[in-house]
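# Observations on chain architecture
Residues per chain, in single letters:
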Amino acid sequence: FLVMELLEGMSVDSLWQHCGCSLPVPIALALADQLLEVLVAAHARSIVHRDLKPGNLFLTQEGVLKVLDFGIARLGPTARGATTKTGVPLGTPGFMSPEQAVGLWSELGPEADLWATGATLFALISGEYVHVGETPFELLIQSTEPARSITSVAPTVPAAVARAIDRALAFDKPDRYADASSMRAALQQAHLDEYGCPLDASPQQLSAWLELQAREVDGAHGLASGTQTSSQRRWLGWVAVALLLAAVAAASSWYWGPQLAG
């Protein structure tokens, strides 16, 4: 048997959809900050996730971001088996770096996770993927082309934040951040430049925000439940009237039938 941690909270993908596919910039940066903290530890141990996306991120009720699904993670520079054969892309279209999209596994390193982190931020803030495509295959093809700037679809994104995201999405690996720690520092500085205060990525801050979202979800469910209950009551009322009329008709037939026949 397999024992795993029981997580209570919401996936980042669910939160994103609940918020109309556009998270507040400070919240998106706070989530990225915790994600990059995980990547600093993972990359230090030569672990490359290779499938980072909102669906593989989970925010617990305590405000701690969990990175899920290391199913295609790569351990060490030489750990390449049959499942990562050169030329065979693995990952999720829309969140795959250019080198990953064409299956260049020998060139796949921590830079791919940083690109995916930038693509995740791009989606969480703008509500769109980095590349445009109607099918996963089309997205895969588009992933071999340079990324568009986030300001092309979300012009109100603060300039400092946009520059930080665009750098993570650079086509050539040397143009991206040197490591997860550098990207994390850049996002923190972008928040400071724009909002004049340090980025608060603490579990307490994210937990409070998650609780607010959960209350909104519960309220929406309660409204729907109340509407359904009212409809059910009206329906049951009509059923009761119909049954009463049927009972009266049956009683009348039983009482008057023999007398009329006589």
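Residues numbered from 1 in each chain as written. Predicted model: local features only at pLDDT ≥ 70, side-chain atom pairs only at ≥ 80, totals over all residues. Heavy atoms only, no water.

### Description of the overall build of the chain
Of the regular secondary structure elements, the chain holds eight helices and five strands. In the chain, the succession of α and β elements from N to C terminus is β-α-α-β-β-β-β-α-α-α-α-α-α. The 262 residues of the chain split such that 37% are buried. By sequence separation, contacts in the chain at least 24 residues apart represent 65% of the contacts at least 6 residues apart. (Helix = DSSP H or I, 4+ residues; strand = E, 2+ residues; numbered from the N terminus. Buried < 20%, exposed > 50% of the residue type's maximum accessible area, 1.4 Å probe, protein only. Contact = heavy atoms within 4.5 Å.)

### Comments concerning the pattern of salt bridges
Under the criterion given, the structure shown has seven salt bridges. The partner of Arg-184 in a salt bridge is Glu-37, and the shortest N-O contact between them spans 3.8 Å. One end of the pair, Arg-184, is in helix α7 (residues 180-195); the other, Glu-37, is in helix α2 (residues 25-44), and 147 residues separate them in sequence. The partner of Arg-176 in a salt bridge is Glu-99, and the shortest N-O contact between them spans 2.9 Å. Note that Arg-176 is positioned in the loop between α6 (159-168) and α7 and Glu-99 in helix α3 (residues 98-101), a separation of 77 residues in sequence. Both residues of the pair, Arg-176 and Glu-99, belong to the buried class. Counted as one network, the salt bridges with shared partners bring together Asp-33, Glu-37 and Arg-184. (Salt bridge = Lys/Arg side-chain N within 4 Å of Asp/Glu carboxyl O.)

### Examining the packing of aromatic side chains
For the structure shown, the criterion picks out one aromatic pair. Residues Phe-95 and Tyr-129 carry aromatic rings whose centres are separated by 5.5 Å and whose planes lie at 75 degrees to one another, so their mutual orientation is edge-to-face. Taken together, the residues span a long stretch of sequence, with Phe-95 in the loop between β5 (74-75) and α3 and Tyr-129 in the loop between α4 (110-126) and α5 (136-142) at a distance of 34 residues. (Phe/Tyr/Trp six-rings, centres within 6.5 Å; stacked < 30°, edge-to-face > 60°.)

### Side note on α6
Regarding α6, the residues found buried are Ala-160, Val-161, Ala-162, Ala-164, Ile-165 and Ala-168. Buried residues along α6 sit against α2, α4 and α7.

### Comments concerning the nonpolar core
It is characteristic of soluble globular proteins that their nonpolar side chains tend to be buried jointly. By size, the foremost hydrophobic cluster in this structure holds 51 residues, and its most contacted members are Leu-31, Leu-121, Ile-125, Ile-150, Met-183 and Leu-187. Among the elements that line this core, the one with the most residues is α2, at ten residues. Beyond its immediate chain neighbours, meaning those up to four positions away, Leu-187 contacts Leu-29, Ala-32, Leu-36, Leu-121 and Ala-164. (Core = buried A, V, L, I, M, F, W, Y, C linked by side-chain atoms within 4.5 Å.)

### Some remarks on the packing of α2 against α7
For the pair α2 and α7, interaxial distance at closest approach is 8 Å and the crossing angle is 160 degrees. When the interaxial angle is binned, α2 and α7 end up roughly antiparallel. Where α2 crosses over α7, the handedness of that crossing is left-handed. Residues Val-25, Pro-26, Leu-29, Ala-32, Asp-33, Leu-36, Glu-37, Leu-39, Val-40 and His-43 of α2 pack against Ala-180, Ser-181, Met-183, Arg-184, Leu-187, Gln-188, His-191 and Tyr-195 of α7. (Axes fitted to C-alpha atoms, helices over the stretch in contact; angles between N-to-C directions. Parallel < 35°, antiparallel > 145°, perpendicular 65-115°, else oblique. Left-handed = near helix turned anticlockwise from the far one by under 90°.)

### Let's talk about the pairing of strand β3 (residues 57-60)
In β3, alternate side chains face the same way, and those of Leu-57 and Leu-59 on one face and Phe-58 and Thr-60 on the other are all buried. By the bridge criterion, three bridges tie strand β1 (residues 9-11) to β3 in an arrangement that is antiparallel. Bridge pairing links Met-10 to Leu-59 in β3. Pairing of β3 with strand β4 (residues 65-67), which is carried by three bridges, proceeds in the antiparallel orientation. Looking at β4, one finds that Phe-58 is bridged to Lys-66. (Pairing = 2+ DSSP bridges.)

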